[in-house]
Amino acid sequence: MTKRERVDQDVLHRRAQVAVLSGLARGDDASDLMSAVAPSHVSGWFTPNVALLELAVTALDVACPAGAELLEYEGLRERYLPELTFRGHVEHRNSQYALYAAACMRGGLQPDLLSDAGWWQTPLWRYAVYAVVIYSRAAAERLTAPVEEIARRIAARHGLELTA
């Protein structure tokens, strides 16, 4: 992509959000969601970290509205993302960071994403996709609703129209 072909960052932000939520609504697996979001990551120009963490925040909010029972962190990844196995300290720590960052943002604390994760070999947005999936599946279980409905609720809160 040359400089004159650059897509506006706001467009890439929304495109990443639509990609992951549309995929969730279709029942895509995590690797398909990664593939759908990947074109929104333009090296040196835009990374969908914040776009995806915003969705994770909303999914967590749907799963745990004010006054609801807290979501237990222990075993969260194993319960809601059993198809993936995180290996080694780095993968565990990075996925934990994405889950915690969304929780921090929901609570009103903006994490220092660039300083904390800007140097990672695997970009934060990949772990943020996992956080969206985990919190969306938790919301679906708690509300006894399909993940498709949860994805649509999240999209509505962000003013997004999902694709088929």
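Before reading on, note that the structure itself is shown above.
Residues numbered from 1 in each chain as written. Predicted model: local features only at pLDDT ≥ 70, side-chain atom pairs only at ≥ 80, totals over all residues. Heavy atoms only, no water.

Participant: An account of the overall build of the chain is requested, with residue identities and associated values reported.
Facilitator: A tally of helices and strands in the chain yields eight helices and zero strands. Secondary structure elements of the chain occur, N-terminal to C-terminal, as α-α-α-α-α-α-α-α. In terms of overall size, the chain behaves like a compact globule, its C-alpha atoms giving a radius of gyration of 15 Å where 164 residues would be expected to give roughly 15 Å. Referenced to the eigenvectors of the C-alpha coordinate spread, the extents of the chain come out at roughly 50 × 35 × 30 Å. Counting across all 164 residues of the chain, residues that qualify as buried make up 45%. When contacts within the chain are restricted to residue pairs at least 6 apart in sequence, long-range pairs at least 24 apart make up 76% of them. Entry remark: accessible area of the chain is about 8,800 Å², with carbon and sulfur atoms responsible for 51%. Taking the average place of the 17 positive charges on the side chains of the chain and the average place of its 20 negative ones, the gap between the two points comes to 4 Å. (Helix = DSSP H or I, 4+ residues; strand = E, 2+ residues; numbered from the N terminus. Rg over C-alpha atoms; globule rule 2.2 N^0.38 Å. Buried < 20%, exposed > 50% of the residue type's maximum accessible area, 1.4 Å probe, protein only. Contact = heavy atoms within 4.5 Å. Areas by Shrake-Rupley, 256 points an atom, 1.4 Å probe, with all protein chains shown as cover. Lys, Arg positive; Asp, Glu negative; His and termini not counted. Charge placed at Lys NZ, Arg CZ, Asp CG, Glu CD.)

Participant: Quick one: what's the story with unusual backbone geometry, residue by residue and with numbers?
Facilitator: Even without a glycine there, the phi angle at Thr144 is positive, about 45°. Along the chain, Thr144 turns up in the loop between helix H7 (124-143) and helix H8 (147-157). Thr144 gets classed as exposed once you look at its relative accessible area, which sits at 74%.

Participant: Tell me about the packing of helix H3 (residues 49-63) against H7, residues and numbers included.
Facilitator: Taken N-terminus to C-terminus, the directions of H3 and H7 make an angle of 15°; their axes are 8 Å apart at the nearest point. In this view, H3 runs roughly parallel relative to H7, as classed from their interaxial angle. Handedness of the crossing formed by H3 with H7: left-handed. Together, Asn49, Leu52, Leu53, Leu55, Ala56, Ala59, Leu60, Val62 and Ala63 of H3 and Leu124, Trp125, Ala128, Val129, Ala131, Val132, Tyr135, Ser136, Ala138, Ala139, Arg142 and Leu143 of H7 make up the contact between the two elements. For the contact of H3 with H7, the residue count by class is 18 nonpolar, two polar and one charged. (Axes fitted to C-alpha atoms, helices over the stretch in contact; angles between N-to-C directions. Parallel < 35°, antiparallel > 145°, perpendicular 65-115°, else oblique. Left-handed = near helix turned anticlockwise from the far one by under 90°. Nonpolar A, V, L, I, M, F, W, Y, C, P; charged D, E, K, R; others polar.)

Participant: So, the packing of aromatic side chains: which residues are in play, and what are the values?
Facilitator: What characterises a pair of aromatic rings is the spacing of the ring centres plus the angle enclosed by the ring planes. Going through the model one piece at a time under the given rule, you end up with five aromatic pairs. Each ring, one from Tyr73 and one from Tyr100, has its centre 5.1 Å from the other, and the planes form 55°; the classification is tilted. Residue Tyr73 is found in the loop between H3 and helix H4 (76-80), and its partner Tyr100 is found in helix H5 (residues 88-107); the two are separated by 27 residues along the sequence. Under the relative-accessibility criterion, Tyr100 is labelled partly exposed at 39%. Consider the rings of Phe86 and Tyr130, whose centres lie 5.5 Å apart with planes at 80°: the pair is edge-to-face. (Phe/Tyr/Trp six-rings, centres within 6.5 Å; stacked < 30°, edge-to-face > 60°.)

Participant: Please provide a residue-by-residue account of the pattern of salt bridges, values included.
Facilitator: Counted under the stated rule, the structure contains six salt bridges. Across the pair Arg157 and Asp61 runs a salt bridge whose closest N-O atoms are separated by 2.6 Å. With a gap of 96 residues between them, Arg157 in helix H8 and Asp61 in helix H3 connect regions that are remote in the sequence. Of the charged contacts, one joins Glu149 and Arg153 as a salt bridge, the two residues approaching to 2.6 Å between their closest N and O atoms. With Glu149 and Arg153 both in helix H8 and four residues apart, this pair spans about one turn of that helix. It is possible to trace a salt-bridge network through shared partners that takes in Asp61, Arg106 and Arg157. (Salt bridge = Lys/Arg side-chain N within 4 Å of Asp/Glu carboxyl O.)

Participant: Explain H8 residue by residue, including any values.
Facilitator: Side chains that are three or four residues apart share a direction in an α-helix, a result of its 3.6 residues per turn. Of the residues making up H8, those classed as buried are Ile150, Ala151, Ile154 and Ala155. Seen from one end, H8 has its buried residues packed into an arc of 140°, which puts them on one side. The exposed set on the far side of H8, more than 90 degrees from its buried face, consists of Ala156 and Arg157. Against the buried residues of H8 lie helix H1 (9-26), H3 and H7. One or two positions beyond H8, positive phi appears at Gly159, with a value near 65°. (Arc of directions from axis to C-beta.)

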